[in-house]
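Given next are the chains, with one letter for each unit.
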Amino acid sequence: MSNFRDEDYAYILGDCLHDIFYVDSSYRGKIAQMRVLSEIIVRKLIDFKPDDQLTIGDKEVLKEVKALTYGDHFIKCILAVKNDTTDYYAANSCSHSKVRSQITQDDYTKIHDHLLDLISCLFIQFFSKHYFGTNDKIVKCFSLLPPIIRCKVLCYLYSVDNNNKAVIDKLVLVILKEFGTEEATQWVEDNKSHLITIPMLCSENMYEHSMKTISTKLKATYQTIEEAKAFFDHNKKAFVEDTDDEVREFAKLMEFFYTGRKVDTTIVPSEYVVSFHDK
C-alpha cells in the first residue's frame, strides 16, 4: 500500500501554488514556498511516510532518491531548487535568514525553471516503468500537459534512449509548439546524423519525418499550465474512467499535477481527444 496519498496534500498544494503564482508577494516568499512544494514532489517520488519529517537535502532522503531509476537526475533537479549558485539564490537561502540581500526576479525565474524540472521528474518516473509510446491513450493524455513540461520530460527520455520513435516524434512537435520553427529545426539538424539512421514508413527516415512535422508550423493550442488545465478538465473523464489500469494511473498523476492550479477561464476547451470507453 502506498504511503503517499494525493488527497492528503491537496490543501498544502493549494496554499503553496496560491502564494507562488496567484498573489503579489515577494520573490523571497515565492521561492521559499517553492521549497515546500519541492518537498511534496520528493515525498511522492520516494513514497515517503506522511507523518515523518522530510528535509530535501537530508542524506538518507537523497539516498532513497538515488536508488530510483534515473535517481541521479532526480537528485540533480532537487539540488538545483535547493542550493545557491554563483548566478542565483535558491530555496534554501530564501527559507532562512542568513542571506540579507535582495532576492530578484532573475533568482525567481531560474528557480521556477528548476522547479519545473523537478515536477517533470514525476512523469519521467512514470515512463521509467511504462515505456513511452506503447500505450496510445497515455500519449494522448500526456499531450494535455503544457508544452514546457512535455518538452522537459521528452528531452530527458531522449537523452537516455535516443531510438524511441514516439519520443522523437513528440519532442520535435513540442519544441515546434513551445519555441518555434527555428529552434525545432536547429534541434533536428543537431541530431541529424542519428535521426537519418532511424527508419520510418514510406521509405522515410526520422530526419525527413521530423522536417515534415516542422513544415506544418503548428502552434500550441495552450501554453500555460492554467490554459492546459482547462483542456485536461474538459477531457479527463475518458482517461480517469478507462478500463486500463495504466491509463488510470497516469490520469491520477495528471490530476495530482493540476491540483491547486487555477483554470484560465478565457479558454474555451474542445474535445481534444475521443472517448476511449469500450474501444
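Look a little higher up for the structure.
Worth saying up front: this structure is predicted, and the values here are computed from it rather than measured.

1. Re empty space enclosed by the protein
So, step 1. The full count for this structure, using the stated rule, is three cavities of 30 Å³ or more.
So, step 2. Of the pockets and cavities examined, the largest cavity occupies roughly 110 Å³.
So, step 3. Residue lining of the largest cavity: L13, L17, L37, I41, I119, L122, F256, F257, T259 and R261, and that is the complete set.
So, step 4. Here the residues of the lining of the largest cavity sort into eight nonpolar, one polar and one charged.

2. Quick look at the side chain of E204
So, step 1. Relative to the elements of secondary structure, E204 occurs in the loop between α11 (192-195) and α12 (206-215).
So, step 2. Only 2.5 Å separates the side chain of E204 from the side chain of K212, close enough to count as a polar contact.
So, step 3. The contact partners of E204, leaving out residues within four places of it in the chain, are I198, P199, H209 and K212.

3. A look at the nonpolar core
So, step 1. Within the largest apolar cluster, 89 residues are counted, with the highest numbers of intra-cluster contacts made by F123, F127, W187, F250 and M254.
So, step 2. For this core, the element with the most residues is helix α6 (residues 105-129), which contributes twelve residues.

4. Observations concerning the pattern of salt bridges
So, step 1. Counting across every chain of the model gives 14 salt bridges.
So, step 2. Between R5 and D8 there is a salt bridge whose closest N-O contact spans 2.8 Å.
So, step 3. Residue classification places R5 among the partly exposed residues on the basis of a relative accessible area of 37%.
So, step 4. D8 sits in the partly exposed class, given a relative accessible area of 36%.
So, step 5. For the salt bridge of K252 with D6, the shortest nitrogen-to-oxygen distance reads 3.3 Å.

Cut-offs applied
Residues numbered from 1 in each chain as written. Predicted model: local features only at pLDDT ≥ 70, side-chain atom pairs only at ≥ 80, totals over all residues. Heavy atoms only, no water. 1 Å grid on protein atoms, 1.4 Å probe; cavity = no way out; pocket = protein on both sides within 12 Å on 5 of 7 lines; lining within 4 Å. Points joined across faces, edges and corners; volume = space filled by probe spheres on them. Nonpolar A, V, L, I, M, F, W, Y, C, P; charged D, E, K, R; others polar. Helix = DSSP H or I, 4+ residues; strand = E, 2+ residues; numbered from the N terminus. Polar contact = N/O pair within 3.5 Å; in protein donor to acceptor, adjacent residues only side chain to side chain. Contact = heavy atoms within 4.5 Å. Core = buried A, V, L, I, M, F, W, Y, C linked by side-chain atoms within 4.5 Å. Buried < 20%, exposed > 50% of the residue type's maximum accessible area, 1.4 Å probe, protein only. Salt bridge = Lys/Arg side-chain N within 4 Å of Asp/Glu carboxyl O.

Keep in mind these numbers describe shape, not what the thing actually does.
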